[in-house]
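Structural features, examined
Single-letter residue listing:
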Amino acid sequence: MNRIDKLLASMTLDEKIGQLNMATAGQAVTGPIVGAPTTEAIRDGKVGSLLNLFGSEATARYQKLAVEQTRLAIPLLFCADVLHGHRTTFPIPLAEAGLFDPETWERTARAAAAEAAAEGIALTFAPMLDIARDPRWGRIAEGPGEDPRLGARFATAKVRGFQGADLAAPESIAATAKHFCAGGAAAAGREYAAVDVSERTLHEVYMPPFRAAVEAGCAAIMPAFNSVAGVPMTSNLRLLRDYLRRELRFDGAIISDYDAIAELLIHGVAADRAEAATLALKAGVDIDMVGGVYLAHLPEALARGLVDMDDIDAAVRRVLTLKQKLGLFDDPYRRAASAAHQMHPEDELSADVARRSITLLANHDNILPLAADLRRIAVIGPLADAPAEMLGPWSLAGDPNRCVTILRGLRAALPLCEIAYEPGVSSKGEEEGDIAAACALCAQAEVVILCVGETADMSGEAASRAAPGLPGRQRELAEAVLATGVPVVALISSGRPLMVSWLRDKARAMVATWFLGDFAGHAVADVLTGRFNPTGRLAVTWPREVGQIPIYHAEKPSSRPANPAEPFSSKYIDLPVEPLFPFGHGLSYTRVTLRNLRASRHEFSRGDSLEFEIDAVNESAIATEETIFLFAHDLVASTARPLLELKTWAKVTLAARQTKTVALTLSAESLRCLDDDFRPVLEPGEFDILVGLNADRRTLLTTRLRALPHGARES
Ligand code: GLC
């Protein structure tokens, strides 16, 4: 009998259920505080893990209680939302996804893990892997954007980064892939709302990042709050037990979201808390986050015969196994012991990722980079000098005092410039503000840097927006500043694409600065001055208007494709169907053109490798980096296939005027679709391979391949 089984055999029912109970330490980020853990509860073995408590001393104090004053000395598991950094804050995931760089995604997770572990955290509730195609949903900020392939590669990189090669290492923390699944498809983008997508869409769009996370060995998974097709994810037997555990063979811990087991009563699928506990436990949820439902009602459920001891033992075994894999039984104080770990060793990484996350959306007449001989700049807007906002949502342990604001970054980068500043209006209110003062400064300036957008709390959880435009009186400020006639460079700080099509053509340039973390100001200044050539690309389609939502590159064919000239086609009569900016969009200070797409073969079978080459030409006098996307379109299949499916991408650096041949490789298997049982199958027939710099079909180079019927020989 191994150590875990021996321990399990010695545990009382209360001690077993205690391991399934996660208490909050009063630092809850969301939802009702259901009661901070008392030392008695921990001494009585009624708490197995703690939420959002960190710090060497605090975690050691609670751990000492569990290890030295409980009957079985089972260590506590300290958990927190380390989403985009711990003490060092990196750009929000939606921005970082725009690097299209798995190696960097892994590095930032590794850096965050080291800092979090040094403060006693052993598990993070990250990566958040919700594919999202609706910018009304505030949590689009927290994830990898709209594409399943991008989401899958993001998942793999983040799990590897957080967990490292050895989960028991002092600087490794357990990753929790969340929120399984499809929370990003909440009705009308409204947080927590019901999700109703087809099972095919679940498998094609929302599950691939979680499959990748499981394949990468993620230690835990968190179900979404939402119901999917009427079944809450927290009690979804078919998707948790049958799909995750049995089909994907996920044997890690499933941790409920905050109070989500109790919320099964609100979903209307449980008549009482004993039933809620039963549904969740039977579905495979091991840990009850903060709800206290398992603690208070599993004994009753057991007594009523709703669950049996095997159900409880299976959950407890997975929790104990997770603690063992983390090395907690060998050394409960293993993390935080490395308090010698110098906080903020990765400042340069944070600054670098911030620069690379910036997305240059529009640059009319190449007003950017700013002319070196500029001497009078007006920095206007409520996001110019707002350190706390630059950290973005879920910056749990971030420090606004460390944050370099846009104004400070510009002043540091342009010491010879007279840089005047006026917020003009508040970030979100309707207060009077001083638009006149702002315009007066503009009149004295050669160029205006307009810093507008959302505050950090306007995206992330419980931050859906029905009209995701510039908040408060910011548009009024922007219109007044534009009316001065002084050239305007608009910087958009946000956790989502904002509806600013009116601004795109009035401002001389528009830059998505998202929420860039500690070094926002330096990163923005490096890009605006040209010290850094912007290379960020959109991980999400940017709509013109909210009425276009959902809008994304992987749409399936309509029966009558959009055609403005045709009265009866899939179009709006009051707006173009094209987005303001497509997936993958982003400008640089250089111009790269792609030529001469060629394929190694035009017929293929299962198991073949498909090689493509394309020539990338840097037509500019400065070096650059470009991201080249490869999409596929399965022309005829057993079900309608998306017009563009992202299959892979390549990043290429080009010296001034350099032409480089770029290779892109696909496996034949990557062109499979899902059959009626949602099993991947390579169907014979023709595929278009489309290659380009973003998802605007009109700009893509295309070549056609044919998948041979199984067993056929190439012609
Ligand atoms: C929240 C979020 C979840 C987070 C948890 C703990 O409700 O949905 O993503 O990990 O609570 O803070």
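Scoring rules and cut-offs
- Residues numbered from 1 in each chain as written.
- Predicted model: local features only at pLDDT ≥ 70, side-chain atom pairs only at ≥ 80, totals over all residues.
- Heavy atoms only, no water.
- Core = buried A, V, L, I, M, F, W, Y, C linked by side-chain atoms within 4.5 Å.
- Buried < 20%, exposed > 50% of the residue type's maximum accessible area, 1.4 Å probe, protein only.
- Contact = heavy atoms within 4.5 Å.
- Near = heavy atom within 4 Å.
- Polar contact = N/O pair within 3.5 Å; in protein donor to acceptor, adjacent residues only side chain to side chain.
- Areas by Shrake-Rupley, 256 points an atom, 1.4 Å probe, with all protein chains shown as cover.
- Domains from an automatic or database assignment.
- Buried area = accessible area lost by both parts, 1.4 Å probe.
- Salt bridge = Lys/Arg side-chain N within 4 Å of Asp/Glu carboxyl O.
- Helix = DSSP H or I, 4+ residues; strand = E, 2+ residues; numbered from the N terminus.
- Pairing = 2+ DSSP bridges.
- Right-handed = clockwise from strand over helix to strand, strands pointing away.
- Axes fitted to C-alpha atoms, helices over the stretch in contact; angles between N-to-C directions.
- Expected span 1.5 Å × (residues − 1).

Another point: the nonpolar core. The biggest cluster of nonpolar side chains holds 165 residues, and the ones touching the most others in it are Phe180, Tyr294 and Met510. Other than its neighbours up to four places away in sequence, Phe180 contacts Met207, Phe210, Ile221, Met222, Pro223, Ala224, Met233, Leu239, Leu240, Tyr243 and Leu244. Counting 37 residues, the second-largest nonpolar core is a separate cluster that includes Leu368, Ile377, Leu410 and Val524.

Take the site of the ligand next. Taken together, 15 residues sit near the ligand, with Asp81, Arg139, Lys178, His179 and Asp257 positioned nearest. Between Asp81 and the ligand, the recorded distance is 2.5 Å, taken from a side-chain N or O atom to an oxygen atom. Within the side chain of Lys178, an N or O atom sits 2.8 Å from an oxygen atom of the ligand. The protein chains hide 100% of the 310 Å² of surface that the ligand would expose on its own.

Turning our eyes to something else, we now look at the domain arrangement of the protein chain. Interfaces are frequently sized by the accessible area removed from exposure as the parts join. Split into domains, the protein chain comes out as domain 1 (3–338), domain 2 (350–548) and domain 3 (592–707). Listed by partner, the interface residues are 14 residues for domain 1 and 14 residues for domain 3. Surface buried jointly by domain 1 and domain 3 totals about 1,200 Å² across both partners, of which 56% is contributed by carbon and sulfur atoms. Per-residue buried area on domain 1 facing domain 3 is highest for Phe100, Arg149 and Arg200; these three make up 48% of the total on that side. Where domain 1 packs against domain 3, one counts 2 salt bridges. The residue Glu204 makes a salt bridge to Arg641 at a minimum N-O spacing of 2.9 Å. Elements with a contribution of two residues or more to the side of domain 1 that touches domain 3: helix 6 (102–117), helix 7 (148–163) and helix 8 (199–206).

Note that the residue after Lys178, namely His179, is joined by a cis bond; omega there is -10°. Locating His179 in the fold gives a position in strand 5 (residues 174–180). Following Leu368, the chain continues into Pro369 via a peptide bond in cis, with omega recorded as 0°. Note that Pro369 resides in the loop between strand 11 (359–363) and strand 12 (376–380).

What follows is about the pairing of strand 12. Where burial is concerned, most of strand 12 is hidden: 4 out of the 5 residues are buried. In the sheet, strand 12 pairs with strand 13 (residues 418–422) via 5 bridges, with the strands oriented parallel. Of the residues in strand 13, the one forming a bridge with Val379 is Tyr421. One ladder, built from 4 bridges, connects strand 12 with strand 14 (residues 447–453); its direction is parallel. Paired with Ile380 across the two strands is Leu450, which belongs to strand 14.

In terms of residue burial, strand 14 counts as a mostly covered element, since 7 of its 7 residues are buried. Burial along strand 14 is two-sided: the residues Val447, Ile449, Cys451 and Gly453 and Val448, Leu450 and Val452 are all buried. Where strand 14 meets strand 15 (residues 488–493), 6 bridges bridge the pair, whose relative direction is parallel. Bridging from a neighbouring strand, Cys451 pairs with Leu491 of strand 15. Each parallel crossover has a hand, and for strand 14 linked through helix 19 (residues 474–483) to strand 15 it is right-handed.

The next thing to look at is the sheet that holds strand 19 (residues 609–618). If you trace the 3 strands from one edge of the open sheet to the other, you get 17-19-22, paired in antiparallel fashion. Sheet topology places strand 17 (592–599) and strand 22 (659–667) at the edges, where each strand pairs with a single neighbour. The mean inter-strand angle of the sheet, taken between neighbouring strand axes irrespective of direction, is 25°. Relative to strand 19, strand 17 runs antiparallel, the two being bridged by 6 bridges. Bridging across to strand 19, Arg598 finds its partner in Glu613.

Bringing helix 7 into the picture now. Between the first and last C-alpha of helix 7 there are 22 Å, a value that for 16 residues agrees with the 22 Å anticipated at 1.5 Å per step. The buried fraction of helix 7 is high, at 13 of 16 residues. Trailing helix 7 by a residue or two, Gly164 shows a phi angle of about 60°, which is positive.

Another aspect to go through is the side chain of His585. Looking at the secondary structure, you find His585 in the loop between helix 21 (520–528) and strand 17. Excluding residues within four positions of it along the chain, His585 makes contact with Thr359, Leu360, Leu361, Gly536, Arg537, Leu538 and Asn694.

The next subject is the sheet that holds strand 16 (residues 509–512). The 6 strands lie next to each other as 11-16-15-14-12-13, forming an open sheet whose pairing is mixed. Edge positions in the sheet fall to strand 11 and strand 13, since each of these pairs with one other strand and no more. Each neighbouring strand pair of the sheet contributes to a mean axis angle of 15°, computed without reference to strand direction. One ladder, built from 4 bridges, connects strand 11 with strand 16; its direction is antiparallel. Each residue of the ladder has a partner; that of Leu360, found in strand 16, is Val511. On the sheet, helix 17 (residues 406–413) packs against strand 12, strand 13, strand 14 and strand 15 and is oriented at approximately 170° with respect to strand 13.

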